[in-house]
Amino acid sequence: MNLDINSVLAAQSLLNGVADKTPLVPSNFLSNILKNELLLKLENMQPTGAFKIRGAINAVYNLPKDTRVVTCCSTGNHGRGIAYAAKLKGIKAVIFMSSLVPQVKIEAIQSLGAEVILCGEDQTDSELACRQSVRENGYVEVSPFDDPYVIAGQGTIGLELLSQRPDINSIVLPLSGGGLAAGIALAVKEKKPKIRVFGVTMENGAAMHISIKNGKPTEVSEVPSLADALGGGIGLNNKFTFPLCQKLIDDTFTVSENEIYHAMQTLYYEDRIIAEGSCVVGIAAILAKKIRNLNGPIATVLTGRNVNMSMYTDIINGSDIKLGESILSGSRYKQYKE
Ligand SMILES: *Cc1c(COP(=O)(O)O)cnc(C)c1O
């Protein structure tokens, strides 16, 4: 498949009526702080609670006709998208995930009728197990990011953003494998070459950020993070997202676990929005003033809401959080007044 703007347009017509066109709403609180308009693209409102439904549906609907079992490795949201798409298509889905994936994501995938195989301690382990099932059982794999149909599906968010607000000048995105950023950058820069696209990820395990700095795909070790959906490498044999992100993303930044914690609280108290840690890294970077010369209007994509609720309520209450073996010290949110 030739990956270009036509791939994104084709994905857009395929997704019409299957994935939702999501609202783009202003954050008054953050716009005031920034002295610049900040818009939130509510992909957390998708039927699966995350944007990954777009790429997953586009990929599953374009699988070879005789595909009986689709498989993937996932940090949770892609697996849920694939399970959802497979159910619509009437085929079986087998999802490989590691012990870093929150229970809430595992249960949601099982309730869609997919088979979940938990294996290993990080995304790399589940990826190897998934590859093996492809070799041994003939399953057809859909990568969570390094797949042209997945990238084109995520790119439809870019087309929607510009149709909702053609005046957007900057887009700040969570960055992991880079399917989201590559797809959106591909779509928006074709329509509006001067628009700037920034990628943000967590400090620990920033695979694409480090790979871009090194000029080649680079392995990172994966550790527990509030941004669990951003875990995993980009693959040393990365075919699509690395070259696209290298070429199209204007700059990348990292945020600390404390900055992610604070951004989750801010979005809850000021905008009344429930969001995963992975989803707020863009806001965390903006609040920490890491991105200089941000030209407004600015948009950020709120990528998902599939957070473990007991951990989430602890964050909202300002409690300490256990992340693997270490403790992240919490603090109560201050700004909000009623
Ligand atoms: C997958 C995911 C991302 C990152 O997307 P990539 O295409 O891997 O860069 C961000 N946020 C959430 C909630 C996700 O599930």
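Only a predicted model underlies this, so the values are computations on that prediction, with no experimental measurement involved.

Conventions used here
Residues numbered from 1 in each chain as written. Predicted model: local features only at pLDDT ≥ 70, side-chain atom pairs only at ≥ 80, totals over all residues. Heavy atoms only, no water. Helix = DSSP H or I, 4+ residues; strand = E, 2+ residues; numbered from the N terminus. Buried < 20%, exposed > 50% of the residue type's maximum accessible area, 1.4 Å probe, protein only. Contact = heavy atoms within 4.5 Å. Near = heavy atom within 4 Å. Polar contact = N/O pair within 3.5 Å; in protein donor to acceptor, adjacent residues only side chain to side chain. Areas by Shrake-Rupley, 256 points an atom, 1.4 Å probe, with all protein chains shown as cover. Nonpolar A, V, L, I, M, F, W, Y, C, P; charged D, E, K, R; others polar. Core = buried A, V, L, I, M, F, W, Y, C linked by side-chain atoms within 4.5 Å.

Caption draft 1: Structural context of the environment of Thr241. Looking at the element boundaries, Thr241 is found in helix H10 (residues 241-248). Overall, the relative accessible area of 0% leaves Thr241 in the buried class. The sequence separation of Thr241 and Gly179 amounts to 62 residues, and the corresponding C-alpha distance is 6.0 Å. Excluding residues that lie within four positions of it along the chain, Thr241 makes contacts with Phe145, Asp146, Ile151, Gly177, Gly178, Gly179, Ala182 and Met208.

Caption draft 2: Seen up close, the site of the ligand. Taken together, 16 residues are adjacent to the ligand, and Lys52, Asn77, Gly178, Leu180 and Thr303 come closest. At 2.7 Å, a side-chain N or O of Lys52 approaches an oxygen atom of the ligand. Side-chain polar atom of Asn77 to an oxygen atom of the ligand: 2.8 Å apart, as the coordinates give it. Protein chains shield 98% of the accessible area of the ligand, which is 380 Å² for the free molecule. Tallied by class, residues from the shell around the ligand come to six nonpolar, eight polar and two charged.

Caption draft 3: Molecular detail of the nonpolar core. The biggest cluster of nonpolar side chains holds 42 residues, and the ones touching the most others in it are Leu226, Ile260 and Ile291. Of the residues forming this core, the biggest block, six residues, is contributed by helix H11 (residues 257-271). Residues in contact with Leu226, not counting those within four places in the same chain, are Glu257, Ile260, Tyr261, Gly277, Ser278, Met311, Ile315, Ile321, Leu323 and Leu328. Listed in part, the 38 residues of the second largest apolar core include Val8, Ala11, Leu173 and Leu186.

Everything listed is a geometric property; what it means functionally is a separate question.
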